[in-house]
Amino acid sequence: MTNRPEARRQGRSQTIALAAFMLMQAVAAVFFVADATRDLFEKPPGAHSIIEALIAVTLVAGIFLAGWQLRLTLERMYAQEKALDTARGDFIRIIDTQFDDWGLTPAEREVGLLALKGLDISEIARLRGAAQGTVRAQMTRIYAKAGVSGRAQFAAWFVEDLLGDGIGRPDDAA
Amino acid sequence: MSDNANTGGGAKVAPPDPWDPLVRISHWTIAAAVIINGLLSKPGGTVHVWVGWIAMSVLAIRLGWGLLGPREARFSAFPPDPKAAVSHLLSVIRGKPREYPSHNPAGAMMVYALWAMLAVVIATGLIMTDAKSPITIAEERAAVEQGDWSSLANRSAGDDSDDSLAQSDIVKGVHETAANLMLILALIHVAGVAVESHALRRNLVRPMIKGPPK
């Protein structure tokens, strides 16, 4: 999660650079196309004006390509953002369902979630303003309800679901 | 997919962050061009023509982006709809404006009006300068200053009858009227953004400068 804003900023400056480049190209193209058109009409078409027309066409095509690229980049950024949100939302939902299934109390749910986030007993105790002994007892009850032997298995329970072919089905837990 | 983004009630709607970099850069470039050419630069001067040509290319790109760009930048996201514009203005007065993923209907009408004015100003400007690029104009002026008047020959060769003089007066009048109209529209546009920002309790200018929040 820590490198997300970084990645986003990078994607953003990339799109800004692309957009600025497109506009510069457009300014250049307008001048060049105007010049080429003028030459084409004022003099009889020769090799010079044909090459100029070719360059003008290439330049305009380049702008369209850059625009297309920019749009793809923007759409990709948008899709990634959405996928990430969906995944995060789904994961929370999976955890919630599973906690329901195990019949955790509200306090146990909170402790369980903090434990999944990787906080240790003393940190959880400090966050919840509870004694470490209380948290340890809650953790033990959670492990008992989940039928796991300890924190590693507890965390693995959810990761296994993510890696396997589906989300925690209530019958699997039973 | 975008439809369910604005059907939810009030606070549930995520504030839209619709402006991609190209929309933002072109918006501010054109704003700067309007201010420079409308208020600061000398009409007919090289700077004036330069700025006009840059505005022309930026407008062209933006219109292309209206077909090619991401959903919020496309014309289809803000169709011209005077009826919807009026009802949106009424909802702003009542203090309960709806959120839109792109321009709101009133804003959309303003966008088209501004683009149309811009197009008129650019077109008449091109007619007045004989569609000469600022580079050509600068070159010709330098030549004339050095005593070479041949570039003026073409102009006097063409019939300088009363007809064409009257015509160029009309073009000039249209150019100036449209430019003034555009400045007035721009002022209304700024006022509209301020009112809408106040009604939505959200700074609408920030996304146009910085892009998506977070």
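Residues numbered from 1 in each chain as written. Chains lettered and ligands numbered in written order. Predicted model: local features only at pLDDT ≥ 70, side-chain atom pairs only at ≥ 80, totals over all residues. Heavy atoms only, no water.

- As annotated in an unreviewed UniProt entry, chain B carries the name Cytochrome b/b6 domain-containing protein and is attributed to Martelella lutilitoris.
- UniProt, in the comment section headed Subcellular location (unreviewed entry), describes chain B in these words: "Cell membrane". (UniProt positions renumbered as here; feature names shortened; annotations may be inferred.)

- For chain A, the name recorded in an unreviewed UniProt entry is Helix-turn-helix transcriptional regulator, with Martelella lutilitoris as its organism.

## Here's the deal with the overall build of chain B
Here is step 1 of the chain: Within chain B one finds 8 helices and 0 strands.
Here is step 2 of the chain: Traced from its N-terminal end to its C-terminal end, chain B shows the element sequence α-α-α-α-α-α-α-α.
Here is step 3 of the chain: Counting over 214 residues, chain B shows a buried share of 36%.
Here is step 4 of the chain: If you take every contact in chain B between residues at least 6 apart in sequence, the share linking residues at least 24 apart comes to 75%.
Here is step 5 of the chain: Of the accessible surface of chain B, which amounts to about 12,500 Å², a share of 66% is contributed by carbon and sulfur atoms. (Helix = DSSP H or I, 4+ residues; strand = E, 2+ residues; numbered from the N terminus. Buried < 20%, exposed > 50% of the residue type's maximum accessible area, 1.4 Å probe, protein only. Contact = heavy atoms within 4.5 Å. Areas by Shrake-Rupley, 256 points an atom, 1.4 Å probe, with all protein chains shown as cover.)

## Focus on helix 4 (residues 121–128) of chain A
Residues and elements named next belong to chain A.
Here is step 1 of the chain: Those residues of helix 4 lying buried are Ile121, Ile124 and Ala125. Buried residues in helix 4, looked at end-on, bunch into an arc of 100°, giving them a common side. For helix 4, the exposed residues lying more than 90 degrees away from the buried face are Arg126 and Leu127.
Here is step 2 of the chain: Just downstream of helix 4 lies Gly129, where phi reads positive at about 60°. (Arc of directions from axis to C-beta.)

## Details of the packing of aromatic side chains
Here is step 1 of the chain: Counted under the stated rule, the structure contains 13 aromatic pairs over all chains.
Here is step 2 of the chain: Cluster of aromatic residues (ring-pair linked, three or more members): Phe99(A), Trp102(A), Tyr143(A), Phe154(A) and Trp157(A). (Phe/Tyr/Trp six-rings, centres within 6.5 Å; stacked < 30°, edge-to-face > 60°.)

## Side note on the UniProt feature "transmembrane region" (unreviewed entry) in chain B
Residues and elements named next belong to chain B.
Here is step 1 of the chain: Sites flagged by UniProt as "transmembrane region" (unreviewed entry) map to residues 47–68, 106–128 and 181–200.
Here is step 2 of the chain: Overall, residues 47–68 shows 100% helix and 0% strand. The separation of its end C-alpha atoms is 31 Å.
Here is step 3 of the chain: With 100% helix and 0% strand, the stretch residues 106–128 has end C-alpha atoms that lie 33 Å from each other.

## Section: the interface of chain A and chain B
For interface size, the figure often reported is the accessible area lost on association.
Here is step 1 of the chain: Taken together, the 24 residues of chain A in the interface contact 30 residues of chain B.
Here is step 2 of the chain: Taken together, the links from chain A to chain B amount to 0 salt bridges.
Here is step 3 of the chain: At the surface where chain A touches chain B, the tally comes to 1 residue pair in polar contact (both at pLDDT 80 or more).
Here is step 4 of the chain: Only helix 1 (4–42) and helix 2 (47–102) of chain A provide two or more residues apiece to the side of chain A that touches chain B.
Here is step 5 of the chain: Counting residues per element, the side of chain A that touches chain B draws most heavily on helix 1 of chain A, at 14 residues. (Salt bridge = Lys/Arg side-chain N within 4 Å of Asp/Glu carboxyl O. Polar contact = N/O pair within 3.5 Å; in protein donor to acceptor, adjacent residues only side chain to side chain.)

## A few points about the side chain of Glu99(B)
Here is step 1 of the chain: Turning to its location among the elements, Glu99(B) is positioned in the loop between helix 3 (82–93) and helix 4 (105–128).
Here is step 2 of the chain: A distance of 2.6 Å separates a polar atom in the side chain of Glu99(B) from a polar atom in the side chain of Arg202(B).

## Things to note about the UniProt feature "transmembrane region" (unreviewed entry) in chain A
All names here are of chain A.
Here is step 1 of the chain: In the numbering used here, UniProt assigns the feature "transmembrane region" (unreviewed entry) to residues 16–34 and 46–68.
Here is step 2 of the chain: Between the end C-alpha atoms of residues 16–34 the distance is 27 Å, and the span holds 100% helix and 0% strand.
Here is step 3 of the chain: Regarding residues 46–68, the helix share stands at 96% and the strand share at 0%, and the terminal C-alpha atoms are separated by 33 Å.

## Thoughts on unusual backbone geometry
All names here are of chain B.
Here is step 1 of the chain: Backbone geometry places Ala131, a non-glycine residue, at a positive phi of 55°.
Here is step 2 of the chain: Within the fold, Ala131 resides in the loop between helix 4 and helix 5 (134–145).
Here is step 3 of the chain: Of the residues examined, Ala131 reaches a relative accessible area of 36% and is grouped as partly exposed.
Here is step 4 of the chain: In this structure, Arg201 takes a positive phi of about 55° despite not being glycine.
Here is step 5 of the chain: With relative accessibility at 72%, the residue Arg201 sits in the exposed group.

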